[in-house]
Amino acid sequence: MKLATLCYIRNQGKTLMIHRTKKEDDIHKGKWNGLGGKFEIGETPEECARREILEESGLTATGLSLKGLLTFPAFANNEDWYAFVFVVDQFEGELIPSTEGELRWIKDQKLTELELWEGDRYFLPWLNQSGFFSGKFIYQDGNFIDHQVEFYD
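Rules used throughout
Residues numbered from 1 in each chain as written. Predicted model: local features only at pLDDT ≥ 70, side-chain atom pairs only at ≥ 80, totals over all residues. Heavy atoms only, no water. Helix = DSSP H or I, 4+ residues; strand = E, 2+ residues; numbered from the N terminus. Buried < 20%, exposed > 50% of the residue type's maximum accessible area, 1.4 Å probe, protein only. Contact = heavy atoms within 4.5 Å. Polar contact = N/O pair within 3.5 Å; in protein donor to acceptor, adjacent residues only side chain to side chain. Salt bridge = Lys/Arg side-chain N within 4 Å of Asp/Glu carboxyl O. Pairing = 2+ DSSP bridges.

Undergrad: What am I meant to see in the environment of Lys136 here?
TA: Structurally, the position occupied by Lys136 is in strand E7 (residues 132-140). Sequence separation between Lys136 and Gly119 is 17 residues; the distance between their C-alpha atoms is 9.4 Å.

Structure, rendered in structure tokens:
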């Protein structure tokens, strides 16, 4: 089982996305994604989110909002992945070059036009809703199969 964070940093109608192009063995290679990554031992979801944002972008997240939990059964190497999804609307610092790909501010209305994991097109709009979501996204050999979701007030 892998625990991870997925963070969407927002500013003035745009979201900071990363085009994962730099690592050859990256399961996300070629996709646009939010920032984030795997937990280190002993980290809380918030600590992981802040660390990953700083490492990948140079930004310090000062306002995190936990929006959801995503479950990806047997996503990679037959391991289940669980991702805590955050929206970040307060941050400090300047962008630095990322070792994982190209960082770019994308207009919010254009996000679903990017080369995303297919399931992202479902949950990205949920980030704008109030409450919390718990989603399950099933992929097989990198292909989207199905999803289900529950919403909480």
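Undergrad: Explain the environment of Trp126 to me, please; I cannot follow it from the model alone.
TA: Residue placement: Trp126 occurs in the loop between helix H2 (120-123) and E7. Since its relative accessible area comes to 11%, Trp126 is described here as buried. As for Trp126 and Leu64, which are separated by 62 residues in sequence, their C-alpha atoms are 16 Å apart. Leaving out residues up to four positions away in the same chain, Trp126 has contacts with Lys67, Phe133, Phe137, His147, Val149 and Phe151. In terms of polar contacts, Trp126 uses its side chain to reach the backbone carbonyl oxygen of Tyr122, at 3.3 Å.

Undergrad: Can you help me understand the pattern of salt bridges in this one?
TA: Between side chains of opposite charge, pairing is possible as soon as their charged atoms come close. Evaluation of the coordinates by the stated rule reveals 9 salt bridges. Put simply, Arg20 and Glu100 hold a salt bridge, and the shortest N to O gap is 3.4 Å. One end of the pair, Arg20, is in strand E2 (residues 14-20); the other, Glu100, is in the loop between strand E5 (79-92) and strand E6 (101-107), and 80 residues separate them in sequence. A relative accessible area of 10% means that Arg20 is categorised as buried. Residues participating in the shared-partner salt-bridge network are Glu40, Glu43, Arg51, Glu52 and Glu55.

Undergrad: Which parts of the structure should I look at to understand the pairing of E2?
TA: Along any regular strand, the residues point their side chains to alternate faces of the sheet. Judged by how many residues are buried, E2 sits mostly within the fold: 6 of 7 residues are covered. Relative to E2, strand E1 (residues 2-11) runs antiparallel, the two sharing 3 bridges. If you follow Asn11 over to E2, its bridge partner there is Lys14. In sequence, E1 turns back onto E2 through a hairpin of 2 residues, with Gln12 there showing a positive phi of about 50°. Examined bridge by bridge, E2 and E6 share 7 bridges and lie antiparallel to one another. Counterpart to Met17 in the pairing with E6 is Arg104.

The values are spatial; any link to function lies outside them.
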